[in-house]
Amino acid sequence: MKITDLKPQAIWTIFDEITQVPRPSKKEEKIRQYLKDWAAKNNIEVKEDETGNILMSVPATPGCENAPVLTMQAHMDMVCEKNSGVDFNFETDAIKTVVDGDWVRAEGTTLGADNGIGMAGAMAILIDENIKHGPLEALFTVDEETGLTGAFALKEGFMKGKYLLNLDSEDEGEVFVGCAGGVDTIATLPYSTEKAPDGYHFIKIFVEGLRGGHSGCDIHLGLGNSIKILSRFLMMWMRKNPLRLVSFEGGNLRNAIPREASAVVAVRKEDKEPITVALNMFAAEVANELKGVDDNFKMRWESTEPADVIEHTTAQNLINALNGCVQGVMAMSRDLEGLVETSTNLASVKMPGENKFVISTSQRSSVESAKHATAFSVESIFTLAGASVSHSEGYPGWKPKMDSSILKTTVDTYEQLFGEKPAIKAIHAGLECGLFLEKYPYLEMVSFGPTLRGVHSPDEKMHIPAVANFYKHLVAVIEKVAEEK
């Protein structure tokens, strides 16, 4: 079965078209052109701002002209992650979708349902001739995943909505009314190299098989962090045994928990067998720690060619800093049960050339002061290691407004459709809504969407029945708003 055979057919057909268009963050040229062409084909008014945000608009159906303007919103870009050994170019290749029981997934890559299904839902609404609606807008923003660039750059007056439906949530049956703010902390550690001592054997150590996941939504699950695991092993070995570091790399995206990491090291030739034993014992210990959470975790090593090694003190400082850097949940909310308040994620270690390591981390919190305090804690550990540290501009959180009209409409329509109230929640992730409020302080907003799992990893999948419920609910909200005068 193809996803275009699924129901409602309009939303699945559009989502299928979106999967065929490459759309990495900061490289949305092709998806922007697709959106403009699609709007032109369907006689829909469209405009684009200087940053590349796209706004489509359709007039009200007869009799609903005085209803408030409602804006549906989703982001164009997707997280581009693939499994090792998968031959795929996110800048040129189409996502290969698979219907797997009640789920849709991709072959070896992220699916891009985050947030392609939000785009598809909004677009399907714009061409659905059976819906009674007031004036409608669909806002599609750029570069949400790596910088919220489109939301930051959105100017006053670009959109006209009184209400905004953010379609970037991942649990059907839940309505989100708030989100965490965030900031990225980047450490740059320079190094020099020297010739390796005589009598050393060079090996490359791998951490593989971890699930990864969203550094906000999944941070409380206790998932393995490949960088933390690898640095922990190297520190344990270096405490009692000679080791020289050649390279250390892991992770990819700032908003993903890293799944893989590797390091090239030199050990004494007589330590080849002892480090193998130590590695196997350590891997067994970590596998036990991750049992039921990351059951496919594994570590291995293979011999590699000799190379110059990193100056020893710098290598020790790097390993100590990575091992000591805080990771995971820092505090839980005292206002909403089960909500993570503050967290941090050690996201990636890269060697981009020029004899330096670049370490990326992200901090999130629904409490602004706690967000900055955690970022300063991360800064301290890397400063002590000799790195220079910088922070991104960051983004604000979205404070819940529990008495808003659009929240009542969203809850009431869900209950009428499905016989139960949706859960009302805040999310420990960065939605664009907080930034919209800075430019449009009068906006009333909610966020909802179909059920997704494994987002920001190649395990990403979308629940087929949830998509149908999501679309029914979206239609119901729009028709209810159309009754307002």
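Each value, and the rule that gives it
- Residues numbered from 1 in each chain as written.
- Predicted model: local features only at pLDDT ≥ 70, side-chain atom pairs only at ≥ 80, totals over all residues.
- Heavy atoms only, no water.
- Helix = DSSP H or I, 4+ residues; strand = E, 2+ residues; numbered from the N terminus.
- Rg over C-alpha atoms; globule rule 2.2 N^0.38 Å.
- Buried < 20%, exposed > 50% of the residue type's maximum accessible area, 1.4 Å probe, protein only.
- Contact = heavy atoms within 4.5 Å.
- Pairing = 2+ DSSP bridges.
- Core = buried A, V, L, I, M, F, W, Y, C linked by side-chain atoms within 4.5 Å.
- Phe/Tyr/Trp six-rings, centres within 6.5 Å; stacked < 30°, edge-to-face > 60°.
- Lys NZ or Arg CZ within 6 Å of the ring centre and 35° of its normal.

Moving on, we come to the overall build of the chain. In terms of helices and strands, the chain carries 12 helices and 25 strands. Against the 2.2 N^0.38 benchmark of 23 Å for 485 residues, the chain shows a C-alpha radius of gyration of 24 Å, consistent with a compact globule. Relative to its full complement of 485 residues, the chain shows a buried share of 56%. Counted over contacts in the chain with a minimum sequence separation of 6, partners at least 24 positions apart contribute 79%.

Turning our attention to the side chain of D271. Tracing the chain through its elements places D271 in the loop between β15 (261-268) and α7 (272-289). Non-local contacts of D271, meaning those with residues more than four positions away in its chain, are made with W237 and P242.

Our focus in this paragraph is the pairing of strand β7 (residues 163-166). Residues Y163 and L165 point to one face of β7 and L164 and N166 to the other, with burial holding for every one of them. One ladder, built from 4 bridges, connects β7 with strand β23 (residues 444-447); its direction is parallel. Pairing of L164 across the sheet is with M445, part of β23.

If you look at the biggest cluster of nonpolar residues, it comprises 65 residues, and the most contacted ones within it are W12, M56, M72 and F140. Counting residues in hydrophobic clusters, the runner-up holds 44 residues, among them A187, L210, L245 and I275.

The next point concerns unusual backbone geometry. Omega for the peptide link from K7 to P8 comes to -5°, which places this bond in the cis form. Along the chain, P8 falls in the segment before α1 (9-19). Here the bond from D114 into N115 is cis, since omega is 10°, no more than 30 degrees from zero. As for its placement among the helices and strands, N115 is situated in helix α3 (residues 113-126). The backbone of K26 shows a phi angle near 70°, a positive value even though the residue is not glycine.

In this structure the tally under the stated criterion is 7 aromatic pairs. Taken together, a centroid distance of 5.0 Å and an interplanar angle of 45° make the contact between Y191 and F357 tilted. Placement of the pair is Y191 in the loop between β9 (181-190) and β10 (193-194) and F357 in strand β20 (residues 356-365), with a sequence separation of 166 residues. Comparing Y191 with F357 shows no difference in burial state: the two are buried. Centroid distance F448 to F470: 6.0 Å. Interplanar angle 65°. Geometry classified as edge-to-face. Separated by 22 residues along the polypeptide, F448 in the loop between β23 and β24 (452-453) and F470 in helix α12 (residues 464-481) bring together distant segments of the chain. Residue F448 shares its accessibility class with F470, and that shared class is buried. The aromatic ring of F206 is capped on one face by R300, whose charged end is 4.0 Å from the ring centroid.

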